[in-house]
Structures are given as C-alpha cells and as structure tokens.
Amino acid sequence: MQTLVVVGTQWGDEGKGKITDFLAQRSDLVVRYQGGNNAGHTIVLEGIKYALHTIPSGILSENIMNVLANGMVINPKGLLNELKKLEGRKYHMRISDRAHVIMPYHMAFDAIRESKLKDKIGTTKKGIGPAYTDKAERSGIRMGELINPILFKEKLTEILEHKDSLAKLYGEPLFDFDDIYHTYSDYANQLRPFVCNTSKLINEAIEQKKKVLFEGAQGTLLCLDHGTYPFVTSSSPTAASVPLNTGVAPWLIYGAIGVTKAYTTRVGEGPLPTELFDEKAHYIREKGHEYGTTTGRARRVGWLDLVLIKHAKRSGGLSGLAVTLLDVLSGLDELQVCVGYMLNGNLIDEVPGLIEDFKACKPVYRALKGWQADITQVTAYEQLPDETKAYLSFIETETGLPVDIFSVGPDRKQTIIVNEIF
Ligand code: IMP
C-alpha cells in the first residue's frame, strides 16, 4: 500500500504512537489529520525521551516530511515547546494554512464548561472542543490568518469583543487583547516558515509515488459522529475522515490499520461495558503502565471488547489490525473477550446510538485460556504460545480482519509484522 491510515479502534491510547513510529520508518510523509495537543505519546530514541502531543511521529527521522494537516487544531505554544526539545536535530515539518489555532479563550471556556457540567465529559482542558466549535461557527482563527499581522489583529479584535461578553456572563475575567496579540504574534513569527497549503504538498507526494502514513489521534469511540456521544472528542479519528481533514481524495487512501490493545482502556468519563474493578484491573493497569501521557490520570481498564472493533471497522473502515500490549496479559489463567451485549433482554452485536442504552449494555463474554510465558522476547508469530495464537486467531475470526501486526513491549524491536502491508 502506498498510503495507509493508523486508526485507534477504542477510546484512544491504543499504542498508535508506537505503531506509527514503527511504520514511519517506511514512510516519506507522516500526516496528522485531526485533534491537537489532547493526544500524546512518548518516543525514546538514543536514551532521550520525546513527548509528542502535536507533532507527527516521523519527526525523529530526518528524511521524513511531517505534516500537520487542515483537520488539526494547533496550540502554538505547545507546538513550539515540542520543537524546542528537537533543537540540534534535523527535521522537516509543514503546517496547513487551514488548520485552526487554539487560543487562550478556548482553554478557558473548556475548563469553565467542564466545571459547570453535571455529567462531566472529562476533557483534557486543552481547548479542543471550543476551538472546533469556533471552526464550525466560522469564528475561528486559521494558521494562515495567524501569520498575517493585519488579518490577525482585525480578527482578534472582533472575536475578543464576543469572548469578553461571554466571560462577563460567566463572571470570569476579561481577556487581555495586548497580551494575547503580542504573545501570539511572536508564535506566528516562529511558525511562519512552516505554514503552507499541505493538501497540495500531500497530493504531489502521492503523484510522485511517495509513501504516506496518516496518523490518527484518539480512537473511533471518541469520534464526534460514531463515538459514544457526548463522551467524545470534537473531531473524527476515523480513516473515513482523512480525505476531508487532509485534502486528499478518498480513493487515494488504500488501507487503514486499526490499533487495538489486547484489552480495553478508557480515560475520562462515559460507559466502558467490560470495565474491571477487581485485582485483575490493578494487574493490567500496573503491568501496562496505564496512566495518561497528557494528563497523568489512571486509565480505566477492561477486557477486550470485539463489538467495539467491529463498530470501528464498519463506521470508519479498517483493512487490518495491530494488537498492542499483548505481553501485559501474560500470567492470567483465563481471559474474557466480549462478543456481544445484553440490552433489555436482547442480545445485540453493535454499539447503540443512545448513550443511555450503551450505559445499560451488559457484556456477553467468551472465555479463552490464558498463557503464563513471558512473550516480551518473541520475534515472530510462530514463537508465540499456542494460547496466544488462539487469542489472536479468535480476534481475526470474530472481526473478519487479519492481525497484521502485534507488539509485545515498548521497544521498536518488540513490534512484529505478521503480514507486510506497507
Ligand atoms: P477533549 O478531546 O480534551 O475534548 O476530551 C474529550 C474526551 O476525549 C475525554 O474523555 C478525554 O479523556 C478523551 N481524550 C482526548 N484525547 C485523548 C487521547 O489522546 N487519548 C485518550 N483519550 C482522549
């Protein structure tokens, strides 16, 4: 495949960063297509830790062009801080002139709204929702405007008038025009050389037969349209959203690898049907280091839920799977895998549209034999214990998707290719 999307099939944190970092080695371009600095993962290279929130995962390879596409919302300060850590390294990066800018009032209103909600969403408070709201409302500031001093001043003056009236309503302090204008003009000066029409750049690369990897953030169940609304983020992490969010024709996207943990996790609020509360949750959380990269919150943990994977395949499109953190399950006698839900006395095999129904779903499990062996040193599918092979094969049969990749640890060497797809 010349173009491939890396998609989260659960609620984010599936290990997409690790799979993207691995596949990025085979890419010419790595393109982030949605979200902002609500995402996050760490790459360790030559003993140095790089925490990436906004920048695509190809940034540590000097031959790769990294693109922040039009579907993203960008916090310039966060982005510049990430770039600072790369000082002394050679890298290539471009930012879409159509990407929206996260402004201080977005972060302020994100926090205010969360504090007032009875049924909290548990957002990352990075201003993501309010930035996308302004985009839809047509009052956002795009990167192309930020780097144009005259346009930026005009827009900011008009917008702050409206944001100040909202702040007054909430009894919150007003926004300081001079401070925001000067600070953001300084960011603009630093980011200006990177801003361009990235749709043109990506399309030209595809025409030249270059390999393009599209890097999703979050996961399908956090999709604004197909996720567990309202407990979702404000963009679409699915492969189906890539054409719109990057300016590339749908028929130029050849495949989408759905990344799934060998179990399920979720941060923030909202239903998680297979959630575990006993010592097994503790075992998986500690062994899998299930604490958020962006917020440090402990992640909720549950058994693998194949209804979610089938939902991700149907609603956003998947051509194969990458199963991560398989090693974390070693040492458990029995594993449960969710294959359906009981809802009001009926067996269903889909994610209901109403959150109230989803909350009422009780998982229907199939029990599979666990394995005791440490599999972290495995370098090929054939070396896996029979029970692990049976676990992967059960996932394939139930979802109708091949497991193209699996991973047994954080190192690049611990990512194992079963089928060459890219
Ligand atoms: P927001 O994206 O900050 O608006 O948060 C909305 C929901 O998405 C919350 O439940 C967050 O915890 C969740 N979320 C956002 N980004 C990520 C991520 O990268 N991983 C996991 N959950 C996320």
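Structure's up top.
Now for a description of the structure that goes with this document. (Residues numbered from 1 in each chain as written. Predicted model: local features only at pLDDT ≥ 70, side-chain atom pairs only at ≥ 80, totals over all residues. Heavy atoms only, no water.)

### Considering the pairing of strand S16 (residues 334-343)
So, step 1. Burial within S16 is extensive, with eight of its ten residues counted as buried.
So, step 2. Pairing of strand S14 (residues 304-305) with S16, which is carried by two bridges, proceeds in the parallel orientation. Opposite Leu-304, over in S16, you have Val-337 as the bridge partner.
So, step 3. For S16 and strand S18 (residues 362-369), the ladder comprises eight bridges, and the chain directions are antiparallel. In the sheet register, Val-337 faces S18, and the bridge partner there is Arg-366.
So, step 4. The sheet contact formed by S16 and strand S17 (residues 346-348) spans three bridges and is antiparallel. If you follow Leu-343 over to S17, its bridge partner there is Asn-346.
So, step 5. Remark: two residues form the turn of the hairpin made by S16 and S17, two consecutive strands paired antiparallel; Asn-344 in that turn has positive phi of roughly 50°. (Buried < 20%, exposed > 50% of the residue type's maximum accessible area, 1.4 Å probe, protein only. Helix = DSSP H or I, 4+ residues; strand = E, 2+ residues; numbered from the N terminus. Pairing = 2+ DSSP bridges.)

### Here we look at the pattern of salt bridges
So, step 1. Across all of its chains, the model carries 14 salt bridges by this definition.
So, step 2. For Arg-299, the salt bridge is made with Asp-13, and the minimal N-O distance between the two is 3.3 Å. In this pair, Arg-299 is assigned in the loop between helix H10 (279-287) and strand S13 (300-302) and Asp-13 in the loop between strand S1 (3-8) and helix H1 (16-24), connecting sequence segments 286 residues apart.
So, step 3. A relative accessible area of 7% places Arg-299 in the buried class.
So, step 4. Between Lys-155 and Glu-145 there is a salt bridge, with the nearest N and O atoms lying 3.6 Å from each other. In this pair, Lys-155 sits in helix H6 (residues 149-170) while Glu-145 sits in helix H5 (residues 143-146), placing the two residues ten residues apart along the sequence. (Salt bridge = Lys/Arg side-chain N within 4 Å of Asp/Glu carboxyl O.)

Geometric descriptors of this kind do not, in isolation, establish any biological role.
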